[in-house]
Amino acid sequence: YSKAIQAGEFVFVSGCIPLVPSAMQIVEGGIEDKALANLKAVIRANSNTVAKVVKTTVFLKNMEDFTTVNKIYEEFFSGSEHKSARSTVEVARLPKNVLFEIECIAG
């Protein structure tokens, strides 16, 4: 799979989880921060910025984590003038049994 793919003026970023890519290990604690850092790295690697994110999809293992994730999400996107569209869904299982995954479209 591709971490991201360019289609016209848009970059479609695959789901990012709290993984340390060099070690292929899941981060313990602060999982949302690491997943968002991975998302930012992929966006930047594709010559784009977080400020150009137009849509995100957040996948949670437990919707009870929504309030915590929402605070972290707001902080992450706080430098942007615009607010992207977002969907958040609870899922039965995520890769490597993580609790959080995020994907986006930037343009």
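See the structure above.
Residues numbered from 1 in each chain as written. Predicted model: local features only at pLDDT ≥ 70, side-chain atom pairs only at ≥ 80, totals over all residues. Heavy atoms only, no water.

### Here's the deal with the layout of surface pockets
Within this model, the largest pocket holds a volume of roughly 390 Å³. Along its surface, the largest pocket is lined by 17 residues, and Tyr-1, Lys-3, Gly-15, Cys-16 and Leu-19 are the ones closest to its centre. Elements with a minimum of two residues in the lining of the largest pocket: strand 2 (10–16) and helix 1 (31–45). By residue class, the composition of the lining of the largest pocket is eleven nonpolar, four polar and two charged. Empty space within the second largest pocket amounts to approximately 150 Å³. Together, eleven residues line the second largest pocket, and Tyr-73, Phe-77, His-82, Lys-83 and Ser-84 are the ones closest to its centre. Broken down by element, the lining of the second largest pocket gets its largest block of residues, three residues, from helix 2 (residues 66–76). (1 Å grid on protein atoms, 1.4 Å probe; cavity = no way out; pocket = protein on both sides within 12 Å on 5 of 7 lines; lining within 4 Å. Points joined across faces, edges and corners; volume = space filled by probe spheres on them. Helix = DSSP H or I, 4+ residues; strand = E, 2+ residues; numbered from the N terminus. Nonpolar A, V, L, I, M, F, W, Y, C, P; charged D, E, K, R; others polar.)

### With respect to the environment of Gln-6
Within the element layout of this structure, Gln-6 appears in strand 1 (residues 4–7). Take Gln-6: its relative accessible area is 45%, and that puts it in the partly exposed class. For the pair Gln-6 and Asn-48, spaced 42 residues apart in sequence, the C-alpha separation works out to 10 Å. Not counting residues up to four positions away in its chain, the partners in contact with Gln-6 are Val-11 and Asn-46. A polar side-chain atom of Gln-6 sits 3.0 Å from the main-chain carbonyl oxygen of Gly-8. (Buried < 20%, exposed > 50% of the residue type's maximum accessible area, 1.4 Å probe, protein only. Contact = heavy atoms within 4.5 Å. Polar contact = N/O pair within 3.5 Å; in protein donor to acceptor, adjacent residues only side chain to side chain.)

### Side note on the packing of aromatic side chains
Across all of its chains, the model carries two aromatic pairs by this definition. With centroids separated by 4.9 Å and ring planes inclined at 85°, the aromatic side chains of Phe-76 and Phe-77 adopt a geometry described as edge-to-face. Using a relative accessible area of 6% as the deciding quantity, one classes Phe-77 as buried. Connected via pairs of aromatic rings, a cluster forms that spans Tyr-73, Phe-76 and Phe-77. A cation over a ring is seen here: Arg-86 above Tyr-73, with NZ or CZ 4.4 Å from the ring centre. (Phe/Tyr/Trp six-rings, centres within 6.5 Å; stacked < 30°, edge-to-face > 60°. Lys NZ or Arg CZ within 6 Å of the ring centre and 35° of its normal.)

### With respect to the sheet that holds strand 1
One open sheet holds the five strands; their spatial order is 1-2-7-5-6, and the pairing between them is mixed. Edge strands, defined here as strands with exactly one partner in the open sheet, are strand 1 and strand 6 (85–90). Taken pair by pair, the neighbouring strands of this sheet meet at an average axis angle of 10°, ignoring direction. Where strand 1 and strand 2 come together, four bridges link them in antiparallel fashion. Within strand 2, the residue paired with Ala-7 across the bridge is Phe-10. Seen against the sheet, helix 1 touches strand 1, strand 2, strand 5 (53–60) and strand 7 (100–106) and runs at an angle of roughly 25° to strand 7. (Pairing = 2+ DSSP bridges. Axes fitted to C-alpha atoms, helices over the stretch in contact; angles between N-to-C directions.)

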